[in-house]
Amino acid sequence: MNILTTEDARFIDREVPKQLGISLEILMENAGRGIVDALWGEYDLFSLNNGRSINSFVLFICGTGNNGADGLVAARHLMEQGVPAQIVLVGDINKCSDLFAVQIERCKAMGCSIDMYDEFNDWSNVAIAVEGIMGTGFTGRLREVTIDILNDIDTMRSQYNFDLWAIDVPAGLDATTGHVTEGTLTYDYTVTFGAIKQGLLLYPGKAIGGTAVVAPLGAPWQQVLGERVRTITIDSDLAEKIINYRTPMAHKGVNGNTLIIGGSNDMIGAPILAAEAAVHSGAGKVTLAVPKIIKQIVQSRVIPEVMVTSTETNKELFDCRQVVAMGPGLGRTREICDLVDHILDAYEGALVLDADALYALGHVGCVNKDALRDGDIESAYIVERELPYCVMTPHLGEFSRLIDLPIKWIERHYITLAREFAKAHQVILVLKGIPSIVALPDGTVYVNIIGNAGMGTGGMGDVLTGVIAGFISQGYSLQDSAILGVYVHSRSADILNETKSWGYTPSDVSASLGFVVSELLGDYE
């Protein structure tokens, strides 16, 4: 499923009329009907009293721009269907958008109930409130008058217990970054148009938007996007398109030979988790290379399907390997930096770099903060070290070190920085955050929309590394392996979350991977 930024939404509004001959007024009419359909999907609108008086109604709180005009259209449609609705206006009607002016005259002609916000006092009969004050164009801070209105709405909601909906995005939410400003409310639902807005998938926006309902625009807007970079959700539909059945003739040689390099005196568990996850994800053969000093203890703890060797003594370590995953528990000594550099030079196959292997790389680039702040994205990231084509799986702290930028900056420009890093270095970047994302060298970014808070425990990233490596060994591309790995890893955790909110382990997630594969292949309901 596509994801849209503020700029994407503006581009669609501009180009759909030009290229497809479908006016903004028609798009607005479809959006308003989409709001009504979404409301019907959640309520029996003919029975709005729900314990209130028989005079209950849907309240549309509309600003004087196009976002508010969407609400006016919806109110008209409800009135036509015999559902009680009222409109209150926020802002100066003499400074309204052209389309708002058209819609408000239509509402007046139909006899819709319209008040200015300051004149409205019938909160006790509100069954559902639909807010359309700002829309996707909002950036910066809310005005004090808007904060006061939102605070008033929140107070009335607490008193009268009505559901609160947002049109396209909640007032105060940046539709691109997901950041919220002072005064922003938490909503029960958000009706968004064409495709979900990026800010509704990134925290804190995801936490305040409630359940997102995507309403169609009634126009094939995807056709006008052209060469614009795409942002797409990682979901079951996408994963099902990627995964393939195995042929009946498949054997361990066909399913690939995976090498995991990791481990140190203090970090024995991390490489074991990665190696076992590679087995559970379907790799034909898995070898774990660890320092000689811990080889015996690793052999005693790892599942028997994993072969264990030494990083020091095996001169043919890379022979016949479809993929090498390096980093879990590797350590951070000078010798490790030399080992990582040696492997990057010596091995020409598929690579997955994680954890301490990423640390050994040091700074590989830097960010021009002024360019980033000014929106000059093409000049924002500067490459300082060339990297091989590989999958890199940093968490935010590791990514901060790679690009020499504080985490707070990364959080504020999360998808932008991931995209520019992957493009500049021509690598597959799996940025492990909330949510995790996969950025490709062509600028496409995939956003994970599943997973849960129970995954917040040490070792989950090591399992993900093993899963991605396991899929690469089976012949999936680096791109598909990263996307599929993120999905299968998170879905396995979600299955466990159904019976245990937290306390399940990375090993549990690893052991459940096969159930997710079967689910994707349709082997059971």
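The text that follows walks through the structure, step by step, so that each part is easy to find. None of these values were measured; they are calculated from a predicted model. (Residues numbered from 1 in each chain as written. Predicted model: local features only at pLDDT ≥ 70, side-chain atom pairs only at ≥ 80, totals over all residues. Heavy atoms only, no water.)

Some details on the packing of helix 16 (residues 460-473) against helix 17 (residues 478-497)
Part 1: Interhelical geometry of helix 16 versus helix 17 gives an angle of 135 degrees and a closest axis separation of 8 Å. The angle between helix 16 and helix 17 places the two elements in the oblique class. The way helix 16 lies across helix 17 gives a crossing that is right-handed. In this structure, helix 16 uses Met460, Val463, Leu464, Val467, Ile468, Phe471 and Ile472 to contact helix 17, whose residues at the interface are Leu478, Ser481, Ala482, Leu484, Gly485, Val486, Val488 and His489. (Axes fitted to C-alpha atoms, helices over the stretch in contact; angles between N-to-C directions. Helix = DSSP H or I, 4+ residues; strand = E, 2+ residues; numbered from the N terminus. Parallel < 35°, antiparallel > 145°, perpendicular 65-115°, else oblique. Left-handed = near helix turned anticlockwise from the far one by under 90°. Contact = heavy atoms within 4.5 Å.)

Some points on the state of the cysteines
Part 1: Under the counting rule described, the total for this entry stands at 0 disulfides.
Part 2: Cysteine Cys96 is unpaired, with the sulfur of Cys62 as its nearest cysteine sulfur at 12 Å. (Disulfide = S-S within 2.5 Å.)

Observations concerning the packing of aromatic side chains
Part 1: For the structure on display, the rule yields 11 aromatic pairs.
Part 2: Pairing Tyr117 with Trp123 gives two aromatic rings, centres 6.2 Å apart and planes at 65 degrees, and the pair type is edge-to-face.
Part 3: Three or more aromatic residues link up through ring pairs in this structure, and these residues are Phe57, Tyr117, Phe120, Trp123 and Phe162.
Part 4: Directly above the aromatic system of Phe11 lies the positively charged group of Arg228, at a separation of 4.5 Å from the ring centroid. (Phe/Tyr/Trp six-rings, centres within 6.5 Å; stacked < 30°, edge-to-face > 60°. Lys NZ or Arg CZ within 6 Å of the ring centre and 35° of its normal.)

Structural notes on the sheet that holds strand 1 (residues 2-4)
Sheets are built from strands paired through backbone hydrogen bonds, the pairs being either parallel or antiparallel.
Part 1: Ordered by their spatial adjacency, 12 strands build an open sheet running 8-1-10-21-20-19-18-15-14-11-12-13, and the pairing between neighbours is mixed. Looking at the sheet topology across the chains shown, the edges are occupied by strand 8 (196-197) and strand 13 (306-310).
Part 2: Where strand 1 meets strand 8, 2 bridges bridge the pair, whose relative direction is parallel. Looking at strand 8, one finds that Ile3 is bridged to Ile196.
Part 3: Strands in contact with helix 9 (residues 292-301) are strand 12 (285-290) and strand 13; relative to strand 13, the strand with the most contacts, it is inclined by about 160 degrees. (Pairing = 2+ DSSP bridges.)

A look at the side chain of Thr233
Part 1: As for its position among the elements, Thr233 is in strand 10 (residues 231-234).
Part 2: Polar side-chain contacts of Thr233 include one of 2.9 Å to the side chain of Asp235. (Polar contact = N/O pair within 3.5 Å; in protein donor to acceptor, adjacent residues only side chain to side chain.)

Examining the pairing of strand 2 (residues 57-62)
Part 1: Counting buried residues along strand 2, 6 of its 6 residues qualify, which places the element largely inside the surrounding structure.
Part 2: Because side chains alternate across strand 2, one face comprises the buried residues Phe57, Leu59 and Ile61, and the other comprises Val58, Phe60 and Cys62, equally buried.
Part 3: Pairing analysis gives 6 bridges linking strand 2 to strand 5 (residues 126-132), with the strands arranged parallel. Counterpart to Val58 in the pairing with strand 5 is Ile128.
Part 4: For the crossover that starts at strand 2, traverses helix 3 (residues 66-80) and ends in the parallel strand 3 (residues 85-89), the hand is right-handed. (Buried < 20%, exposed > 50% of the residue type's maximum accessible area, 1.4 Å probe, protein only. Right-handed = clockwise from strand over helix to strand, strands pointing away.)

Considerations on the pattern of salt bridges
Part 1: Applying the stated rule across the entire model yields 21 salt bridges.
Part 2: Between Arg33 and Asp37 there is a salt bridge, with the nearest N and O atoms lying 3.2 Å from each other. Here Arg33 pairs with Asp37, and both are found in helix 2 (residues 24-42), just 4 residues apart, close to one helical turn.
Part 3: For Asp188, the salt bridge goes to Arg157, with nearest N and O atoms at 4.0 Å. (Salt bridge = Lys/Arg side-chain N within 4 Å of Asp/Glu carboxyl O.)

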